[in-house]
Amino acid sequence: MNIVLDTNVLLVSISTRSSSNWVFQQLVEGGYMLSVTTDILDEYTEIIEQQMGADFAQAVVDLLVDLPNLNQINKYYFWQLIEADPDDNKFVDYVIAANADYIVSEDRHFRILKNIEFPKVEVLTIEEFKAVLLVSE
């Protein structure tokens, strides 16, 4: 399974004390393929740094980059499907460019994608992703 993780999901899943830590653990254990671009990695670094410090942010990104199940991609088209928060569009563009199965996000702005027929982007919450991941194992 190939997915894109919104920054909010990665952030809440890093801590071993988080009920969502299984998302990060499954990634590290190779439970799914994560597609990213340099832009996504930069955003991950920036947000984790704000919340947990620069050293921790760098350690997380270094770990991600070294994972064999990390798919680094380039995007060539800008779909601009989310008007309410244009910054979220980069994640949508990457889902399409990577031909990913899902984007996992808790961001309400992604809900608009359910009403867009083409290109079809499947959005899952953390709990929905857990159910899909368990079925695919």
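As a reminder, the structure under discussion sits directly above these lines.
Residues numbered from 1 in each chain as written. Predicted model: local features only at pLDDT ≥ 70, side-chain atom pairs only at ≥ 80, totals over all residues. Heavy atoms only, no water.

Colleague: Looking at this structure, I do not really get the nonpolar core. What am I missing?
Modeller: Where a protein is soluble and globular, its nonpolar side chains tend to be buried together. Within the largest apolar cluster, 40 residues are counted, with the highest numbers of intra-cluster contacts made by Leu5, Leu34, Tyr44, Leu64 and Phe129. The biggest single contributor to this core is helix H5 (residues 89–98), with 5 residues. Leaving out residues up to four positions away in the same chain, leucine 64 has contacts with Leu10, Phe24, Leu27, Leu34, Leu41, Tyr44 and Leu70. (Core = buried A, V, L, I, M, F, W, Y, C linked by side-chain atoms within 4.5 Å. Buried < 20%, exposed > 50% of the residue type's maximum accessible area, 1.4 Å probe, protein only. Helix = DSSP H or I, 4+ residues; strand = E, 2+ residues; numbered from the N terminus. Contact = heavy atoms within 4.5 Å.)

Colleague: Could you clarify how one ought to interpret the packing of aromatic side chains in this entry?
Modeller: How two aromatic rings sit relative to each other is set out by the distance from centre to centre and by the angle between their planes. Enumeration according to the criterion identifies 2 aromatic pairs in this entry. When the centroid spacing of 5.2 Å and the interplanar angle of 85° are considered together, the rings of tyrosine 32 and phenylalanine 129 count as edge-to-face. Separated by 97 residues along the polypeptide, tyrosine 32 in the loop between helix H2 (21–28) and strand E2 (33–36) and phenylalanine 129 in helix H6 (residues 126–136) bring together distant segments of the chain. Accessibility classification places tyrosine 32 together with phenylalanine 129 in one group, the buried group. (Phe/Tyr/Trp six-rings, centres within 6.5 Å; stacked < 30°, edge-to-face > 60°.)

Colleague: Where do I start with the sheet that holds E2 in this structure?
Modeller: Two modes of strand pairing occur in sheets, parallel and antiparallel, and in both the strands are linked by backbone hydrogen bonds. Across the sheet, which stays open at both edges, the 5 strands sit in the order E3-E2-E1-E4-E5 with parallel pairing between neighbours. At either margin of the open sheet sits one strand with a lone partner, and together these are strand E3 (70–72) and strand E5 (123–124). The sheet contact formed by E2 and E3 spans 3 bridges and is parallel. Residue valine 36 lies in a different strand from E3, and its bridge partner there is glutamine 72. Packed onto the sheet, helix H3 (residues 38–52) meets strand E1 (2–5), E2 and E3 and runs at close to 95° relative to E2. (Pairing = 2+ DSSP bridges. Axes fitted to C-alpha atoms, helices over the stretch in contact; angles between N-to-C directions.)

Colleague: Looking at this structure, how should I read the environment of valine 60?
Modeller: Within the fold, valine 60 resides in helix H4 (residues 54–66). When the C-alpha positions of valine 60 and threonine 45 are compared, they lie 8.1 Å apart, and in sequence the two are 15 residues distant. Ignoring any residue separated from it by four or fewer positions in sequence, one finds valine 60 in contact with Ile14, Phe24 and Ile48.

Colleague: Hey, could you run me through the environment of valine 132 in this one?
Modeller: Tracing the sequence through the fold places valine 132 in helix H6. A residue is classified by how much of its surface remains accessible, and valine 132, at 23% relative accessible area, is partly exposed. Expressed as a C-alpha distance, the spacing of valine 132 and methionine 1, which sit 131 residues apart in the sequence, is 9.6 Å. In contact with valine 132, other than residues within four places in its own chain, are Met1, Tyr102 and Leu124.

Colleague: So what exactly am I meant to see when it comes to the pairing of E2 here?
Modeller: Pairing of E1 with E2, which is carried by 2 bridges, proceeds in the parallel orientation. Paired with isoleucine 3 across the strands is leucine 34, a residue of E2.

By themselves, these are just geometric observations and shouldn't be taken as functional.
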